[in-house]
Amino acid sequence: MSAVRTAASAFDPRIRTDVPLALVGPTASGKTEASIRLARRLGAEIVLVDSMTVYRGMDVGTAKPSPEERAGVPHHLLDVADPVEPFSVVRFQALAREALAGIRDRGRPALLVGGSGLYYRAVVDDLEFPGTDPAVRGVLQAEVVAIGPEALHRRLAGFDPRAAAGMEPSNARRAVRALEVAALTGRPFSSFALAWDRYPGDRVRAAGVTMPPDVLRARIEARVRRQIDDGLVDEVQGLLDRGFAVTATQAIGYVEVAEHLAGQCGLEEAVERMVRRTRSLARRQLAWFRRDPRIRWFEAGPEGAAALVDEIEERYLG
């Protein structure tokens, strides 16, 4: 069946369009190539769930699918913000849900693809992200100075004992945040956490890619070196020339290359740091996704996730 499936099979009645599919896993596992093959077979549109591919001009370092790879497969949530724009998971959630609604209206399957566990869950589950108010926070921070964090924690315990029990009485930052949310919403801060521990099975059909640690380490290093060869240094220089500040809060690779360009480290040192940070990121991504019981895991070898497409397709369609 897999060998002959084409995009024309998008209307195959076995493929549900009301529940998104998902392909998730650690960075450098080959999700991009696999997702494009899978989307072409299923007639699906791809929604990227990634915290960095949303930025225009950050292409090489975020491993965006190339225009050639995207040909014939609509991609959503790509290049929707400039690097200097504030971009939150709340904004991503709204844009992603809008994209999913449009895909459903077109009668097409949606395929979520990425490695950001927070963004993934923000799309498929009913997670709420309460806002903030500098004035309210300022008052609470002043109270910390005046009466101490323990007194603020006692106040929190009287209103929201569940939230208070989950933090140290000396942790002023968390107590301030919990009381700020309560002041803004009228709801206990802990009420927003309930959805995090729930994984409704009817929200997504997800496949996860994993691979032996030594294989993933080798793929990460190969990809980092390929990014350098593909022009990451020039890309970062272009961002700096346009006045974009590259800081440690941005994607892996950009801060290291920016420091290299500033003469703070050699290129090889920058590469080594990129590899280390990417490996750490991959471990965190896997730990996040492993908590989700809805994900069916597929182990790839050195060739990456693309070799799993036949198996993943069969298990998606069941």
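These numbers were taken from a predicted model, which means no experiment stands behind them.

Caption draft 1: Structural view of the overall build of the protein. The helix and strand inventory of the protein stands at 13 helices and six strands. A globule of 318 residues ought to have a C-alpha radius of gyration of about 20 Å, and the protein, at 22 Å, matches this closely. On the principal axes, the C-alpha backbone points of the protein span a range of 70 × 55 × 35 Å. Of all 318 residues assigned to the protein, the portion counted as buried reaches 47%. Look at the contacts in the protein between residues 6 or more apart in sequence, and 76% of them connect residues 24 or more apart. Of the roughly 15000 Å² of accessible surface on the protein, 53% is carried by carbon and sulfur atoms. Charged side chains in the protein number 44 positive and 43 negative. The centres of these two groups are separated by 5 Å.

Caption draft 2: Layout of the confidence of the model for the protein. When pLDDT is averaged across the protein, the result is 90; 93% of the residues are at 70 or more. Here helix α13 (residues 309-317) stands out as the element of the protein with the lowest mean pLDDT, 83, in contrast to strand β3 (residues 75-76), whose mean of 98 is the highest. Scored below 50 in pLDDT, residues 1-11 makes 25 contacts in the model with residues more than four places away or belonging to other chains.

Caption draft 3: Spatial organisation of the packing of aromatic side chains. Overall, the coordinates contain five aromatic pairs when judged by the stated rule. Look at Phe-92 and Tyr-119: their rings are 4.5 Å apart centre to centre, the planes differ by 45 degrees, and that puts the pair in the tilted class. With Phe-92 in helix α3 (residues 89-105) and Tyr-119 in helix α4 (residues 117-124), the pair connects residues that are 27 residues apart, well separated along the chain. Looking at Phe-92, the relative accessible area reads 0%, which means it is buried. Residue Tyr-119 is classed as buried on the basis of its relative accessible area of 8%. Judged by centre distance (6.2 Å) and plane angle (85 degrees), the ring pair of Phe-129 and Trp-196 falls under edge-to-face. Of this pair, Phe-129 sits in the loop between α4 and α5 (134-147) while Trp-196 sits in the loop between α8 (172-185) and β5 (205-210); the two residues are 67 residues apart in sequence, bridging distant segments of the chain. Classification of Phe-129 by relative accessible area gives partly exposed; the value is 22%. Classification of Trp-196 by relative accessible area gives partly exposed; the value is 24%. One aromatic cluster is present, formed by Phe-129, Trp-196 and Trp-288 through successive ring pairs. For Arg-290, the ring lying beneath its charged end belongs to Trp-297, and the centroid distance is 4.3 Å. Taking the ring centre of Trp-288 as reference, the NZ or CZ of Arg-291 above it sits at 5.1 Å.

What counts and how
- Residues numbered from 1 in each chain as written.
- Predicted model: local features only at pLDDT ≥ 70, side-chain atom pairs only at ≥ 80, totals over all residues.
- Heavy atoms only, no water.
- Helix = DSSP H or I, 4+ residues; strand = E, 2+ residues; numbered from the N terminus.
- Rg over C-alpha atoms; globule rule 2.2 N^0.38 Å.
- Buried < 20%, exposed > 50% of the residue type's maximum accessible area, 1.4 Å probe, protein only.
- Contact = heavy atoms within 4.5 Å.
- Areas by Shrake-Rupley, 256 points an atom, 1.4 Å probe, with all protein chains shown as cover.
- Lys, Arg positive; Asp, Glu negative; His and termini not counted.
- Charge placed at Lys NZ, Arg CZ, Asp CG, Glu CD.
- pLDDT = per-residue confidence, 0-100.
- Phe/Tyr/Trp six-rings, centres within 6.5 Å; stacked < 30°, edge-to-face > 60°.
- Lys NZ or Arg CZ within 6 Å of the ring centre and 35° of its normal.

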